Protein chains: 2
Amino acid sequence: MLTYELGKKRGRPLYEQLYAAIKNDICLGKLQAWEKLPSKRDLARHLSVSVVTVENAYGQLVAEGYISAKAKRGYYVLPGDRIAPPQPPPASLPKPCQAKSDFLDLRSNSLSENDFPFSVWSKLMRKTMADYGKQVLQSTPAQGIEALRQSIAAHLYQFRGMEVHYDDIVVGAGAEYLYNLLIQLLGRHHCFGVENPGYPKIGQIYRANDVAYANLPMDEAGLSLQHLRRSPADVIHISPSHHYPTGIVMPGRRRQELLAWASEQPGRYIIEDDYDSEFRFCDKPIAAMISNDRQERVIYVNTFSKTISPAMRISYMILPPHLSRSFKQKLSFYSCTVPSLEQYTLAKFIQEGYFEQHINRMKNKYQSKRDAIIAAIRESDLHTQADILEQNAGLHFLLRIHTDKSDRELVRRAEEAGLLIACLSQYVHGNAEKYAHHIVVNYSSLDFDQIKPAVDKLAAVIRA
Amino acid sequence: MLTYELGKKRGRPLYEQLYAAIKNDICLGKLQAWEKLPSKRDLARHLSVSVVTVENAYGQLVAEGYISAKAKRGYYVLPGDRIAPPQPPPASLPKPCQAKSDFLDLRSNSLSENDFPFSVWSKLMRKTMADYGKQVLQSTPAQGIEALRQSIAAHLYQFRGMEVHYDDIVVGAGAEYLYNLLIQLLGRHHCFGVENPGYPKIGQIYRANDVAYANLPMDEAGLSLQHLRRSPADVIHISPSHHYPTGIVMPGRRRQELLAWASEQPGRYIIEDDYDSEFRFCDKPIAAMISNDRQERVIYVNTFSKTISPAMRISYMILPPHLSRSFKQKLSFYSCTVPSLEQYTLAKFIQEGYFEQHINRMKNKYQSKRDAIIAAIRESDLHTQADILEQNAGLHFLLRIHTDKSDRELVRRAEEAGLLIACLSQYVHGNAEKYAHHIVVNYSSLDFDQIKPAVDKLAAVIRA
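The rules behind these values
- Residues numbered from 1 in each chain as written.
- Chains lettered and ligands numbered in written order.
- Predicted model: local features only at pLDDT ≥ 70, side-chain atom pairs only at ≥ 80, totals over all residues.
- Heavy atoms only, no water.
- Pairing = 2+ DSSP bridges.
- Helix = DSSP H or I, 4+ residues; strand = E, 2+ residues; numbered from the N terminus.
- Contact = heavy atoms within 4.5 Å.
- Axes fitted to C-alpha atoms, helices over the stretch in contact; angles between N-to-C directions.
- Buried < 20%, exposed > 50% of the residue type's maximum accessible area, 1.4 Å probe, protein only.
- Parallel < 35°, antiparallel > 145°, perpendicular 65-115°, else oblique.
- Left-handed = near helix turned anticlockwise from the far one by under 90°.
- Nonpolar A, V, L, I, M, F, W, Y, C, P; charged D, E, K, R; others polar.
- Domains from an automatic or database assignment.
- Buried area = accessible area lost by both parts, 1.4 Å probe.
- Salt bridge = Lys/Arg side-chain N within 4 Å of Asp/Glu carboxyl O.
- Polar contact = N/O pair within 3.5 Å; in protein donor to acceptor, adjacent residues only side chain to side chain.

A. Structural view of the sheet that holds strand 9 (residues 269–273) of chain B. All names here are of chain B. Taken in spatial order, the eight strands make up an open sheet running 4-11-10-9-8-5-6-7, and their pairing is mixed. Where the open sheet ends on each side, the last strands, each with one partner, are strand 4 (169–172) and strand 7 (222–223). Most of the contacts of helix 9 (residues 252–264) go to strand 9, to which it runs at about 140°, and overall it touches strand 6 (212–219), strand 7, strand 8 (235–238), strand 9 and strand 10 (298–303).

B. Representation of the environment of G174 of chain A in the model. Residues and elements named next belong to chain A. Within the secondary structure layout, G174 lies in the loop between strand 4 (169–172) and helix 6 (175–186). Assessed through its relative accessible area of 1%, G174 is described here as buried. Residues G174 and I350 lie 176 residues apart in sequence; the distance between their C-alpha atoms is 18 Å. When sequence neighbours within four positions are dropped, the list of residues in contact with G174 reads R313, I314 and S315.

C. The packing of helix 12 (residues 354–379) of chain A against helix 14 (residues 448–463) of chain A, seen in detail. All names here are of chain A. With their axes 9 Å apart at the nearest point, helix 12 and helix 14 run at an angle of 25° to one another. For the element pair helix 12 / helix 14, the angle class is roughly parallel. Crossing of helix 12 against helix 14: the hand is right-handed. Along its contact with helix 12, which presents K365, S368, K369, A372, I373, A376 and I377, the element helix 14 presents F448, I451 and V455. Here the contact of helix 12 with helix 14 is built from residues that sort into seven nonpolar, one polar and two charged.

D. Looking closely at unusual backbone geometry. Residues and elements named next belong to chain A. Following N196, the chain continues into P197 via a peptide bond in cis, with omega recorded as 5°. Tracing the backbone through its elements, the reader meets P197 in the loop between strand 5 (191–196) and helix 7 (200–208). Residue P245 is reached from Y244 by a cis peptide bond, and omega for that bond is 0°. Here the phi dihedral of H437 falls at roughly 65°; this positive angle occurs in a residue that is not glycine.

E. Expanded view of the domain arrangement of chain A. All names here are of chain A. Split into domains, chain A comes out as domain 1 (14–95), domain 2 (105–113 + 357–463) and domain 3 (119–355). On a C-alpha basis, the centres of domain 2 and domain 3 stand 27 Å from each other. Taken together, the contact pairs 28 residues of domain 2 with 32 residues of domain 3. Between domain 2 and domain 3 lies a buried interface of about 2,700 Å² when both sides are counted; carbon and sulfur atoms form 59% of it. Area buried by domain 2 at its contact with domain 3 is led by I359, H396 and Y427, which between them contribute 24% of it. There are zero salt bridges connecting domain 2 and domain 3. The interface formed by domain 2 and domain 3 contains 14 residue pairs in polar contact (both at pLDDT 80 or more). Elements represented by at least two residues in the side of domain 2 that touches domain 3 include exactly helix 12, strand 13 (396–401) and strand 16 (438–442).

Spelled out as structure tokens, the structure:
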């Protein structure tokens, strides 16, 4: 008969002690699979505890799948892969930390803590779980759930004047994932033209996928058409709304020229990466290139990383009709990579107006931050040593510094002073000389009270 | 001055009517960006409402980012991409539906509705949001958050006796996504050997990525070594714990032979897809191949789709140390595709014992379902017309039918009778003759009260 030492002095209820002792024996293999346990009455008598105590312990073990009860035949041990480790490795979650460091960071464009609409989001998530039950458990179609795609289409119509059919939208876990899908969709024979300077991940993705790509120079209007025409690129990957990191907003004429280039030959495409178009602070909104695309040449990609949170991993692309059909034929076997729960929640978030409200709130906040940092620069020593280059859009701008110091030295000295900065030259492939002395100012993650200290530090670094 | 008709008879508070009217004018462009609004006092007098009413309406508009207040200078309209649509397309979420149809489905191995630990999961999710705050907003490192990888390592140690370093684990949005990453990691010069019959998506993924792959025949012990040696495959993609759809559990000897094959030449690898190893109902657990891999040849892939929910999109792979280093060099620029919130929540779910408890509960339930469906088959007409082929593992088994009807006819007749079935031959590439007359019985999504009706329908179809 099972023999355990149980006692009130051990600080836990008797039934819990008994439960833990039997569980331990099962895990250690002392009690074998299919072994019959003593009856409740027998064990209670043997251990001098009440029958209720044994009943509770057995109940807990049944609930957790360690033992099973057969009517009139008692309890037996269930088999299971329960190899008890001699010393289980610790798996403690790290303590939630307050701040990564004391550095002021002008490199990150993540959101600040209080900006994510936590309470609304979790309310909608609970509501989704309650309303949709089983549907939230199903894996979703390759393109994402219809409700989310409809919400995105409606949002784009209202907010950007874009007429998009939800059936041409593909939802995926981040833009990087969608670029991977696009390589599979368009085919590996293409040469992808990427902006230089530009966001380094784009080239890395094409390299990791072992497809041809070309770094194409920029001029003051964006991707240089002249260089494009001399390159083997037949698919270009651009961000006309607001280029990272130069901040260039591509003027209408260059857009038309690139659309014309794409229409000249079959198989040419433009991937329009519209990653922070929601944050334009002046003038009229500029229409997305896809809205002027009459030849089915533009693939539009956008993300909720900048507008809601980079931790969300929800992006989408809009395919021209013939590519949308091709996607359904070739790639619809894939499961959508975004959890259904997030998809339904985001659909509600957009549909019930929270998304628009959130963007407006963020836009106000970013504009205030932008105004504050620009004012701080103008009021500081910096104003005689630097020019602000900006086009009233996006979450970053450039600061051209008059200095003899190298960019490398600027970055190092700033870091010594507790300020993390990045320079435009770090985003250049090849000769970066003409891009020297431009600091990329990402301000969205700075708190208001960090703005003046950050500008003062920068001024001191440049003065030194 | 702004003139609106407001009145109590319209059923909404006055301030809300005023707020909506001004918002509408802003959206329609009747009020232009930077236009100054009348002072609260003036507008109140003009509309014959109280100043508080105007104050509330302006307050709401400020909160939502439509207008802004400047101290002592009044209110003005903020710019924004607010193109009012003539007829916004409807974006209503479809009504949560109760059940997809009245069909009994033996093809799906999704979970039944009440199996997902909703209340625990959402409790942990709320706790995660409260505890981790800002961290949940950050995009996570390519391999996934450390806490989750530590929890997975600890779980594998305790549950499967596997000794895994969390630094070699890569978390991703579904196994399909991880296979895409593996192609990039191993390189595109490989030929991938896939099981035939087998899970069709595996081949589709290699095809979509345009890499070479070979369909390799199975024998009664799994992937045929003889055929493998005659094929160009140097990476094999197998599921030794429980093959889909044959249900074969690969015996130790074949495992050793395949490990030996992999060690013979550099660049050979085994992708061990362990997708439903948690559900083994008898005997001792069989060690994963990676646990016997002394030559760094095995890449282990598993998923939480089967154990928690297919809608979760969380899978992981364990890389041998040299590939883990290579991943960090080549692919760590990628953002992890699983939302941080889910990652932290799953880490807690595992660490606080809920995952083990859940698996044990599910295992009991599946075993009961399995026992019930096997008993129902034995008690029905089917028992003289069919053999059950099973190895006490996984969420499906095979039923070999003695019949002259073709598989196609069986599937059609079953569907007419309201029963959805799949045959083994549908999973075969090429000549499927020797695999005819085997029904793949996926039982995990059937409710207990659907078991007898499903078996009776199947018996009737075969008898007919």
